[in-house]
Amino acid sequence: MVIKVYIASSSGSTSIKKQQQDVMGFLAANKIEFEECDIAANEANRKWMRENIPEESRPPTGNPLPPQIFNESNYCGNYEAFFDAREDNAVYAFLGLTAPPGSKEAEALAKKVQQ
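What counts and what doesn't
Residues numbered from 1 in each chain as written. Predicted model: local features only at pLDDT ≥ 70, side-chain atom pairs only at ≥ 80, totals over all residues. Heavy atoms only, no water. Helix = DSSP H or I, 4+ residues; strand = E, 2+ residues; numbered from the N terminus. Expected span 1.5 Å × (residues − 1). Buried < 20%, exposed > 50% of the residue type's maximum accessible area, 1.4 Å probe, protein only. Arc of directions from axis to C-beta. Contact = heavy atoms within 4.5 Å. Polar contact = N/O pair within 3.5 Å; in protein donor to acceptor, adjacent residues only side chain to side chain. Patch = residues over 30% accessible without salt bridge, like charges linked within 9 Å, V, L, I, M, F, W, Y side chains within 5 Å. Areas by Shrake-Rupley, 256 points an atom, 1.4 Å probe, with all protein chains shown as cover. Salt bridge = Lys/Arg side-chain N within 4 Å of Asp/Glu carboxyl O. Lys, Arg positive; Asp, Glu negative; His and termini not counted. Charge placed at Lys NZ, Arg CZ, Asp CG, Glu CD. Axes fitted to C-alpha atoms, helices over the stretch in contact; angles between N-to-C directions. Parallel < 35°, antiparallel > 145°, perpendicular 65-115°, else oblique. Left-handed = near helix turned anticlockwise from the far one by under 90°. Nonpolar A, V, L, I, M, F, W, Y, C, P; charged D, E, K, R; others polar.

### Remarks on helix α1 (residues 14–29)
The end-to-end C-alpha distance of α1 is 22 Å, a good match for the 22 Å that 16 residues give at a rise of 1.5 Å each. Within the sequence span of α1, burial applies to I16, Q19, Q20, V23, M24, F26 and L27. Taken end-on, α1 shows its buried residues confined to a sector of 155°, consistent with a single buried face. α1 presents T14, K18, Q21 and A29 as exposed residues on the side facing more than 90 degrees away from its buried surface. If you follow the buried residues of α1, they end up packed against β1 (3–7), β2 (34–38), β3 (68–71), α3 (79–87) and α4 (91–95). Backbone nitrogen of S15 and a side-chain oxygen of the N-cap are separated by 3.3 Å at the start of α1; the cap is S13. Phi turns positive, to about 55°, at K31, one or two residues after α1.

Rendered as structure tokens:
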């Protein structure tokens, strides 16, 4: 399974740039393999991303903005959902991955099972 992060390489928004860097930096630091999919330089990526974000996850107006995160073709969420999962030590579950032994998330899951 490959995590795909849809980004805009030429975004004029510093907020979007920081969010993209935050997601990709976290994934790299935790050795989670991912693929960058640029929606600014590749129209097919933009079209695919927009078509595959579930209706309930779309903004009320306009198009969904990057970063958007998928596990293969399964939608995981946007930056806010990623941030919330990270705060809850639940990023692996958010990404649809198994938490590695020794990670905070795996330890939290083990404690829940023991209760």
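### Quick word on unusual backbone geometry
For the bond from P66 to P67, the omega torsion is -5°, close enough to zero to count as cis. Tracing the backbone shows P67 in the loop between α2 (43–52) and β3. With a phi close to 55°, E72 is a non-glycine residue in the positive phi region. Here E72 lies in the loop between β3 and β4 (74–78).

### Topic: α3
What α3 keeps buried is the set Y79, F82 and A85. Taken down its axis, α3 places every buried residue within 125° of arc, on the same side. At its buried positions, α3 is contacted by α1, β3, β4 and α4. Looking at where α3 begins, the residue whose side-chain oxygen comes 3.2 Å from the main-chain nitrogen of E80 is N78. Of the residues one or two after α3, N89 is the one with positive phi, at around 50°.

### Topic: a negative patch on the surface
There is a patch of like negative charges on the surface, built from E80, D84, E87 and D88. Positionally, E87 belongs in helix α3.

### Thoughts on the pattern of salt bridges
Pairing between side chains of opposite charge can happen when their charged atoms approach one another. Under the counting rule described, the total for this entry stands at four salt bridges. One salt bridge connects R46 with E43, and the closest N-O pair in it is separated by 2.9 Å. Pair noted here: R46 and E43 are both in helix α2, with a separation of three residues, about one helical turn. One salt bridge in this structure joins E55 and R58, with 3.7 Å as the shortest N-O distance. Judged by its relative accessible area of 25%, R58 is partly exposed.

### Some thoughts on the packing of α1 against α3
Running from N to C, α1 and α3 cross one another at 45°; their axes reach a closest spacing of 11 Å. Our classification of the angle between α1 and α3 gives oblique. When you trace α1 past α3, the crossing you get is left-handed. Residue-level inspection shows Q19, D22, V23 and F26 of α1 in contact with α3, the latter providing Y79, E80, F82 and R86. In the contact of α1 with α3, the residues fall into four nonpolar, one polar and three charged.

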